[in-house]
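Coordinate inspection notes
Each chain, written out:
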Amino acid sequence: MGTVLTRIPTDFKGFHAYTKENTNPIYIFGADIVGKMLAELFKHYDITITAFVDNNKNKCDTKIGGVDVIQPSELATANEDAIVLIASTYIADIIVQLEEMGFMNWLPIFKILEDNSDKNLESFLVGDLRFNHSGGAFTEDFDSFVLSNMINSQKKYLDPDRLYIRSVDLVISERCSLKCKDCSNLMQFYESPINISVEELKQNLEDLCAVADEINEIRIIGGDPFMNKDCHKAIQMAASYPQVNKVVVYTNGTICPPEEKIAAMAHEKTFIFITTYGELSRKTNKLGDLLKKYQIPFNVQDAYGWTDCGDIKQYDRTPEELTQVFRFCCAKHFTTLTDGKLFRCPFAANAERLAATPSSPENYISIDGASNLTSDSLQKLKKDALHYLRDIAYIPVCNTCNGRTYGDPEIEPGIQTQKPISYKKYDREVKVTI
């Protein structure tokens, strides 16, 4: 049996002293930006890392800064007294995973990071450390963005008394300037895509912020959100709520809104994430120049990490099989808000909008009208939302999805289709928004 968690201090001074007195191997679970920062920080203090661990097989069997990256199956053969530092925002899932493997000496890293805030942790990421596993680089604005997300999410996610949601995708458009045949958000299936009205978006946000105590980031998505001419208004509305820490816009670099609308997006909470698709993303530089002009932080990164999860089929999975699909899904915490409903992922939300899955209230939790509920009713809804977002084994729409598991083989992103892809539609009333 491994040693008890409380024997290992989570503050940096205490942790550093502990490592000097104990020889247990140290692993970092999470081979990405913050994991790299942590490893470089430990080099500064002569703390030896045995290996990185990551659920994404595509990141494994390589080295980061001279340190091996291994899969959890390899960690399972290690000494159970090993110390595992969790460098992930989805800390709750990894805790369960580690404890099932017998590793009880896990630690969150937010206090270690906070205690070293004077070290300018972002400055550690130089050379090859600035590239992701597929070879794409990330911008310096993104370093600070990811670091603050990690610290805040680890602080709040384990609080059982608050409804903290790491991110909520707010669907503001079904329209996209591209038609990627493998889009995991299912844009390739929309025959007559629409924009969502400002009035509906406002109501969605009102209801969300009545239910949630804190949302670390609202992710403005589509389609491409810039296809909605009122995108800047959606950003302003989302940023106005004290429950929302950040507003992140995901766009593909094919559209640059008028300068006055870019200016209207400027807010201390705003971050723009530009995913590029080669020559198709021809407005990237123009957009970047305007974002710099109005001091809006952003990241530009080539598309990568796509897997074969953009199809709609009906499978005949048992409850046990559905539980496995859901358990290992890398998108099950991409909470998505549309039509007054919270879904566990964008696939589920868009499958519902498309009527591409059998109707089931178990696929979502309705928060429609939450802002008008009495205190008692709102507390019940919060409890139900917390259960839906944290405790369920799967949702029925998982039987429509090919699955999106960490480490699935990656496919070429951004392959275009000329026409919407056909699919089976299910008979039910579908809300239409102009």
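Overview of the structure. (Residues numbered from 1 in each chain as written. Predicted model: local features only at pLDDT ≥ 70, side-chain atom pairs only at ≥ 80, totals over all residues. Heavy atoms only, no water.)

Moving on, we come to the overall build of the protein chain. Counting its regular elements, the protein chain contains 13 helices and 14 strands. Its C-alpha atoms give the protein chain a radius of gyration of 22 Å, within 12% of the compact-globule value 22 Å for 434 residues. Each charge class in the protein chain can be summarised by its mean position, and for the 47 positive and 60 negative side chains these summaries are 4 Å apart. (Helix = DSSP H or I, 4+ residues; strand = E, 2+ residues; numbered from the N terminus. Rg over C-alpha atoms; globule rule 2.2 N^0.38 Å. Lys, Arg positive; Asp, Glu negative; His and termini not counted. Charge placed at Lys NZ, Arg CZ, Asp CG, Glu CD.)

For the coordinates displayed, the defined rule picks out 10 aromatic pairs. Note on phenylalanine 142 and phenylalanine 273: the rings are 5.2 Å apart at their centroids and 75 degrees apart in plane angle, and the pair reads as edge-to-face. Residue phenylalanine 142 is located in helix 6 (residues 140-156), and its partner phenylalanine 273 is located in strand 10 (residues 270-276); the two are separated by 131 residues in the primary sequence. Given the relative accessible area of 12%, phenylalanine 142 is considered buried. Considering the side-chain rings of phenylalanine 189 and tyrosine 423, the 5.7 Å spacing of their centres and the 85 degrees angle between planes classify their relative orientation as edge-to-face. Taken as a pair, phenylalanine 189 in the loop between strand 7 (164-171) and helix 7 (198-211) and tyrosine 423 in the segment after helix 13 (375-390) lie far apart in primary sequence, 234 residues in all. Take phenylalanine 189 and tyrosine 423: they sit in the same class, and that class is buried. Through a chain of ring-to-ring contacts, three or more aromatic side chains come together here, namely Phe142, Phe145, Tyr250, Phe271 and Phe273. The ring of phenylalanine 334 carries the charged tip of arginine 219 above its face, separated from the ring centre by 5.1 Å. The ring centre of tyrosine 364 lies 5.2 Å from the NZ or CZ of lysine 341, which sits over that ring. (Phe/Tyr/Trp six-rings, centres within 6.5 Å; stacked < 30°, edge-to-face > 60°. Buried < 20%, exposed > 50% of the residue type's maximum accessible area, 1.4 Å probe, protein only. Lys NZ or Arg CZ within 6 Å of the ring centre and 35° of its normal.)

Before going further, it helps to examine the pattern of salt bridges. Within this structure, the stated rule accounts for 25 salt bridges. With a closest N to O distance of 3.1 Å, glutamate 40 and lysine 43 form a salt bridge. With glutamate 40 and lysine 43 both in helix 2 (residues 33-44) and 3 residues apart, the pair spans about one turn of that helix. Taking relative accessible area as the criterion, glutamate 40 reaches 17% and is therefore assigned buried. Overall, the relative accessible area of 41% leaves lysine 43 in the partly exposed class. A salt bridge links lysine 111 to aspartate 115, with the shortest nitrogen-to-oxygen separation between them at 2.7 Å. Taken as a pair, lysine 111 and aspartate 115 lie in helix 5 (residues 110-115) at a separation of 4 residues, close to a single helical turn. Taking relative accessible area as the criterion, lysine 111 reaches 30% and is therefore assigned partly exposed. (Salt bridge = Lys/Arg side-chain N within 4 Å of Asp/Glu carboxyl O.)

A word on the sheet that holds strand 9 (residues 244-251). The strands making up a sheet are joined through hydrogen bonds of the backbone, oriented either antiparallel or parallel. What the 8 strands build is an open sheet, ordered 11-10-9-8-7-12-13-14; its pairing is mixed. Of all strands in the sheet, those bounded by a partner on one side alone are strand 11 (298-302) and strand 14 (364-366). Strand after strand, the sheet turns through a mean of 25 degrees between neighbouring axes, direction not considered. By the bridge criterion, 7 bridges tie strand 7 to strand 8 (residues 214-221) in an arrangement that is parallel. Considered in strand 8, the bridge of aspartate 169 is made with arginine 219. Against the sheet, helix 13 engages strand 7, strand 13 (341-343) and strand 14, with an angle of about 165 degrees to strand 14. (Pairing = 2+ DSSP bridges. Axes fitted to C-alpha atoms, helices over the stretch in contact; angles between N-to-C directions. Contact = heavy atoms within 4.5 Å.)

Counting buried residues along strand 10, 7 of its 7 residues qualify, which places the element largely inside the surrounding structure. Here strand 10 shows a buried face lined by Thr270, Ile272, Ile274 and Thr276 and a second buried face lined by Phe271, Phe273 and Thr275. Sheet topology note: the strand 9/strand 10 ladder contains 5 bridges and is parallel. Looking at the pairing, valine 249 lines up with isoleucine 272 of strand 10. Each parallel crossover has a hand, and for strand 9 linked through helix 9 (residues 259-265) to strand 10 it is right-handed. Of the strand pairs in this sheet, strand 10 and strand 11 are connected by 5 bridges, and their pairing is parallel. (Right-handed = clockwise from strand over helix to strand, strands pointing away.)

What follows covers the sheet that holds strand 3 (residues 62-64). Reading across from one edge, 3-4-2-1-5-6 is the order of the 6 strands in this open sheet, with mixed pairing throughout. The sheet is open, and its two borders are formed by strand 3 and strand 6 (106-108), each paired with just one other strand. Mean inter-strand twist for the sheet, computed between neighbouring axes without regard to direction, equals 35 degrees. Strand direction decides the pairing type here: strand 1 (residues 26-29) and strand 2 (residues 51-53), joined by 3 bridges, are parallel. By the bridge assignment for strand 2, isoleucine 28 is matched with phenylalanine 52. Contacts between helix 1 (residues 12-21) and the sheet are confined to strand 1, strand 5 (83-86) and strand 6, with strand 5 contributing the most and set at about 155 degrees to the helix. Contacts between helix 4 (residues 91-100) and the sheet are confined to strand 1, strand 5 and strand 6, with strand 5 contributing the most and set at about 160 degrees to the helix.

Remember that the coordinates give geometry; whether it matters functionally is a separate question.
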